Amino acid sequence: MSGRPLDVLEESLEETVTVRLKDGDEFTGVLTGYDQHMNVVIEGEDTTIIRGDNVVTIKP
């Protein structure tokens, strides 16, 4: 796995990830999409769209 953030996201597509936000909330689900701003789409019980400027970590 490469160290560049967008490469890590590309390699994690359709895999389960955990996303931690600035306010401490965490979302776990399947990464189904992202963009160059690191906005991400997580699908679990619901579909969640997370703005990239709120993301602290994404664990594949």
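Per chain, the residues get numbers from 1 upward, laid out in the order the sequence is written. Restriction of local features to residues with pLDDT of at least 70 applies here, the model being predicted, together with a cutoff of 80 or more for giving and counting side-chain atom pairs; totals for whole chains, interfaces and linings are based on all residues. Excluded from the side-chain calculations are hydrogens and water; all other atoms, namely the structure's heavy atoms, are used.

Caption draft 1: Highlighting the nonpolar core. To qualify as a nonpolar core, a set must consist of buried Ala, Val, Leu, Ile, Met, Phe, Trp, Tyr and Cys residues joined through side-chain atoms within 4.5 Å. Think of it in three bands: residues with accessible area under 20% of the maximum for their type are buried, residues over 50% are exposed, and the middle band is partly exposed, with areas taken using a 1.4 Å probe on protein chains only. Within the largest apolar cluster, nine residues are counted, these being L9, V17, V19, L21, L31, V40, I42, I50 and V55. At the level of elements, strand 1 (16-21) and strand 3 (40-43) are the ones that each hand at least two residues to this core. Each helix corresponds to a stretch of at least 4 residues labelled H or I by DSSP, and each strand to a stretch of at least 2 residues labelled E; elements are numbered beginning at the N terminus. Among the elements that line this core, the one with the most residues is strand 1, at three residues. If we ignore the near neighbours within four places in the chain, the residues touching L9 are L31, Y34, M38, V40 and I58. The criterion used for residue contact is that any of the two residues' heavy atoms lie within 4.5 Å.

Caption draft 2: Structural view of the pattern of salt bridges. A carboxyl oxygen of Asp or Glu within 4 Å of a side-chain nitrogen of Lys or Arg is what we treat as a salt bridge. The tally for this structure, following the rule as stated, stands at three salt bridges. Measuring nitrogen to oxygen at the nearest pair gives 2.7 Å for the salt bridge that ties D7 to R4. Of the charged contacts in the structure, one is a salt bridge between E26 and R20, with a shortest N-O distance of 2.7 Å. Accessibility expressed as a relative area gives 43% for E26, which makes it partly exposed. Taking the relative accessible area as the measure of exposure, R20 reaches 39% and is therefore partly exposed.

Caption draft 3: Layout of the UniProt feature "binding site: Ca(2+) 1" (unreviewed entry) in the chain. UniProt positions are given in the numbering used here, feature names are shortened, and annotations may be inferred rather than shown by experiment. Within the UniProt annotation, "binding site: Ca(2+) 1" (unreviewed entry) is assigned to E11 and E15. With respect to the helices and strands, the residue E11 is situated in helix 1 (residues 5-12). On the basis of relative accessibility, which here comes to 43%, the residue E11 falls in the partly exposed class. Inspection of the secondary structure assignment puts E15 in the loop between helix 1 and strand 1.

Caption draft 4: Main features of the UniProt feature "domain: Sm" (unreviewed entry) in the chain. Following the UniProt record, one finds the feature "domain: Sm" (unreviewed entry) at residues 4-60. For the annotated span residues 4-60, helix accounts for 14% and strand for 49% of the residues, and the straight-line distance between the end C-alpha atoms is 14 Å.

Caption draft 5: Quick look at unusual backbone geometry. Look at E14: it is not a glycine, yet its phi comes out positive at around 65°. Along the polypeptide, E14 turns up in the loop between helix 1 and strand 1. A positive phi angle is found at M38, which is not glycine, with a value near 65°. As for its position among the elements, M38 is in the loop between strand 2 (26-34) and strand 3. For M38, a relative accessible area of 27% translates into the label partly exposed.

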